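# Notes for the structure review
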Amino acid sequence: MIESVTDYANQFISGLSTVKAFQDKEATSLEITNQKRSLSELLDLYQKQVAETGINAASGKHLGYIPGGGVFTAALADFIAAITNPFASVHYASPGAATIENEVINWLKTIFSFPESSVGCLSSGGSISTLIAFTAARDQHKVKNEFIPKNVVYLSEQVHHSTQKALRIIGLEDVVIRYISLDSNHKIKTDSLEELIQNDIAAGLQPFMVVATAGTTDTGTIDPLDEIADIAKNYKMWFHVDAAYGGFFIMTSKKELFKGIEKADSMIIDPHKGLFLPYGVGAVLIKDSSAVLHSNYYTANYMQDGASEEMLKSPANVSPELTKHFRGLRVWLPLQIHGIEPFIACLEEKLLLVHYFRNRLADLGFCLGPEPDLSVSYFWYPFETDADQKNKQLMDAIHADGSVFLSSSIIENRFVIRIAILAFRTKKEIIDEAIEMIKNCLTKIK
Ligand SMILES: *Cc1c(COP(=O)(O)O)cnc(C)c1O
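Note that the coordinates shown come from a computational prediction; the quantities given were computed from them, not determined experimentally.

Criteria and cut-off values
Residues numbered from 1 in each chain as written. Predicted model: local features only at pLDDT ≥ 70, side-chain atom pairs only at ≥ 80, totals over all residues. Heavy atoms only, no water. Pairing = 2+ DSSP bridges. Helix = DSSP H or I, 4+ residues; strand = E, 2+ residues; numbered from the N terminus. Axes fitted to C-alpha atoms, helices over the stretch in contact; angles between N-to-C directions. Phe/Tyr/Trp six-rings, centres within 6.5 Å; stacked < 30°, edge-to-face > 60°. Buried < 20%, exposed > 50% of the residue type's maximum accessible area, 1.4 Å probe, protein only. Salt bridge = Lys/Arg side-chain N within 4 Å of Asp/Glu carboxyl O.

### Quick look at the sheet that holds strand β8 (residues 266-269)
Taken together, the seven strands give an open sheet; going across it, the order is β3-β9-β8-β7-β6-β4-β5, and neighbouring strands pair in mixed fashion. With one partner strand each, in any of the chains shown, β3 (119-123) and β5 (176-180) form the two edges of the open sheet. With direction set aside, neighbouring strand axes in the sheet form an average angle of 20 degrees. Examined bridge by bridge, strand β4 (residues 151-156) and β5 share five bridges and lie parallel to one another.

Below, the structure is given as structure tokens:
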């Protein structure tokens, strides 16, 4: 069985340069019945119904949403983790696995200059990381019961929608949400933030939390973190940074843009984006361990055997999860095998590729969004009439072609097409292919 799976994996990976990035097809024949099927039959079925339907997210031609890829050695780590199945949440149950989880968090703390006393955990992704961070913010600020509608959260319109979702899920649907004005580069205007805060204080409300983004999903923008941090501190607010997409660019030539992230009370980051790991690994870092322990640390009679251990050695005490996937290994193993340099080199390459892509688009007569901080940008064609509708037709033509995948959005009330270059397999040849395809699709609309 290992041989068949290895053959399948090799075929899949060697085929990546020629397959389509997007196939708009339904998946069928996947129901569970009482009929047994052979592994080879199932691998065929998987290829046709899973690998060849929708977006090929392992492909370097995935330039939509936020891609990543899925580093091969992380798959080996998952295999080993599943075979050995250690209980990574409780140090007593698996000192080795728990330590690997903790070492990944320690590594992240170092990258973002978070103090040793901060805590964190690996989650399934950015959305769950946000829930964990906001819960700590809520508990530290005692935002509950009748105080909820008096507390104010300050957001950018460009914040990821998991932010508003998290507020609802953790019972903060009734907080006041204020949207801060943005400048022409889609960055939070700090004078607007202060003005909102002062108005709210004058109205008897309580400024509670401000969320900044280090790499927005739509425009790849980094908010002025350092200034926002100072404002948050002045008004005793919780400062959260969403670095799910952009965080790992702190290791690149863009480091300066991240100044102030170390002042955040909490931050999230997705190794399944900027470290190119397979989907299913995010992380959260939080400064105030007591706020995290408040909702996540709990004891039970059946847990007494390991109860004398130091609390923070066990990931379960700082996370809502108990029994869980040993995610640490899929981060730890690739970093140990490859070292960090290739990851940084890939990130630098993505920054160069987005410039190259934008230049080529400009040559074709496209309008471009502002110079991006990172590797996400957007564009539209300046059709003289019905521009939104025609750009939508262009998007549809690009999806129908499918050789390279891009996605769309609405920015400042305009229909735009996004380019998100992050997959580690995305190379210059793929950008050239994307340009040719866009050029070809454009001729169908004009
Ligand atoms: C992807 C993303 C999220 C959500 O993370 P998931 O891992 O998809 O749950 C949050 N914020 C930003 C900026 C993102 O790009």
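### Some thoughts on unusual backbone geometry
Here S113, not a glycine, exhibits a phi torsion of approximately 50 degrees, which is positive. The phi torsion at N413 lies on the positive side, around 65 degrees, for a residue other than glycine. Inspection of the secondary structure puts N413 in the loop between β12 (407-411) and β13 (414-420).

### With respect to the packing of aromatic side chains
Taken as a whole and assessed by the stated rule, the structure comprises 13 aromatic pairs. Residues F276 and F343 carry aromatic rings whose centres are separated by 6.2 Å and whose planes lie at 5 degrees to one another, so their mutual orientation is stacked. With F276 in the loop between α9 (271-274) and β9 (282-286) and F343 in helix α12 (residues 341-363), this pair connects stretches of sequence that are 67 residues apart. The buried category is assigned to F343, whose relative accessible area is 5%. Taken together, a centroid distance of 6.0 Å and an interplanar angle of 45 degrees make the contact between F276 and F424 tilted.

### Focus on the pattern of salt bridges
A side chain with one charge may pair with a side chain of the opposite charge, provided their charged atoms come close. In the structure shown here, the tally under the stated rule is 19 salt bridges. Among the salt bridges present, the one from D200 reaches R178, with a minimum N-O distance of 2.8 Å. Highlighted residues: D200 in helix α7 (residues 190-202) and R178 in strand β5, separated in sequence by 22 residues. Residue D200 is classed as buried on the basis of its relative accessible area of 3%. Note that K392 and D396 form a salt bridge whose closest N and O atoms lie 3.2 Å from each other. Remark: D396 and K392 occur in helix α13 (residues 387-401); sequence separation between them is four residues, near one turn of the helix. According to the relative accessible area criterion, D396 is partly exposed, its value standing at 38%.

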